[in-house]
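Listed here are the chains, written in short residue letters.
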Amino acid sequence: MKPGRFNFEIAGILSLIASLLFVGWQLKLTQDMNIAQLHYNRLSLYQDRFTAILESESLLSMNSKRFIGTWDKGDLTPLEIAAAEAQAQSMLVEWEYEYRLIEQGYSIRSLEGLRGDIENMVKLYPEVAHALLYWDVDANSYAFVPFMRSILETVRE
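Residues numbered from 1 in each chain as written. Predicted model: local features only at pLDDT ≥ 70, side-chain atom pairs only at ≥ 80, totals over all residues. Heavy atoms only, no water.

Draft legend 1. Structural context of the overall build of the protein. Within the protein, the regular secondary structure consists of six helices and zero strands. The order of helices and strands in the protein, counted from the N terminus, is α-α-α-α-α-α. Counting the 157 residues in the protein, one finds 31% classified as buried. Relative to all contacts within the protein whose residues are 6 or more apart in sequence, the contacts with residues 24 or more apart total 64%. (Helix = DSSP H or I, 4+ residues; strand = E, 2+ residues; numbered from the N terminus. Buried < 20%, exposed > 50% of the residue type's maximum accessible area, 1.4 Å probe, protein only. Contact = heavy atoms within 4.5 Å.)

Pasting the structure below:
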């Protein structure tokens, strides 16, 4: 066998292996993006539910009768409490979506940047801590709830 032909065959095999690795990487990236899209779709539906509550006086009124926040200092009406809690749920959905994007490497900022923004918002909106109680169940298998718990502990200190 001629040395030139041997080198050519080795180069061909290596390029074939490289192209297969690249295709595998593309498939993995596509799968990750599809999973991110599924999370986004789920959270988008959840977000729409809270938007509907905020836009409907009858839904706000119903929520004000069912869910009365213990975070209120007594200066809000039941309707205002319901609106605040629906808004807090909406913020939690937003933050969870960004948390998942950061976790999967699709965000332009870090987890610490998100943490700082959330800490500032939690100081302004105490109803977030109350709203998180509805998410904080033992069956949660994702890391967003412990992330939020650690933020609430930091803000309370």
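Draft legend 2. Seen up close, the packing of helix 4 (residues 111-124) against helix 6 (residues 144-156). Viewed as axis vectors pointing N to C, helix 4 and helix 6 meet at an angle of 55°, and their least axial separation amounts to 10 Å. Taken as axis vectors, helix 4 and helix 6 run oblique relative to one another. Crossing of helix 4 against helix 6: the hand is right-handed. On helix 6, the residues that touch L111, L114, R115, I118, E119, V122 and K123 of helix 4 are F147, M148, S150, I151, L152, T154 and V155. Of the residues belonging to the contact of helix 4 with helix 6, the class tally is nine nonpolar, two polar and three charged. (Axes fitted to C-alpha atoms, helices over the stretch in contact; angles between N-to-C directions. Parallel < 35°, antiparallel > 145°, perpendicular 65-115°, else oblique. Left-handed = near helix turned anticlockwise from the far one by under 90°. Nonpolar A, V, L, I, M, F, W, Y, C, P; charged D, E, K, R; others polar.)

Draft legend 3. Seen up close, the packing of helix 3 (residues 78-103) against helix 6. Packing of helix 3 against helix 6 brings their axes to within 10 Å, and their N-to-C directions diverge by 115°. Considering the angle they form, helix 3 stands roughly perpendicular to helix 6. The crossing of helix 3 and helix 6 is right-handed. The segment helix 3 lies against helix 6, with L92, W95, E96 and Y99 engaging F144, F147 and M148.

Draft legend 4. Fine view of the pattern of salt bridges. Counted by the stated rule, this structure contains six salt bridges. Notably, a salt bridge pairs D117 with R109, separated by 2.3 Å at the nearest N-O pair. Here D117 falls in the partly exposed class, since its relative accessible area comes to 37%. Since its relative accessible area comes to 28%, R109 is described here as partly exposed. A salt bridge links R115 to E112; the nearest nitrogen and oxygen atoms lie 3.8 Å apart. Here the residue R115 and the residue E112 both occupy positions in helix 4, the gap between them amounting to three residues, near one helical turn. (Salt bridge = Lys/Arg side-chain N within 4 Å of Asp/Glu carboxyl O.)

Draft legend 5. Summary view of helix 4. Taking 1.5 Å per residue as the helical rise, helix 4 with its 14 residues ought to reach 20 Å, and the 20 Å between its terminal C-alpha atoms agrees with that figure. Listed in full, the buried residues belonging to helix 4 are L114, R115, I118, E119 and V122. Angular distribution of buried residues about the axis of helix 4 spans 140°; they occupy a single face of the element. Facing away from the buried side of helix 4 by over 90 degrees, the exposed positions are K123 and L124. Taken together, the buried residues of helix 4 touch helix 3, helix 5 (127-132) and helix 6. (Expected span 1.5 Å × (residues − 1). Arc of directions from axis to C-beta.)

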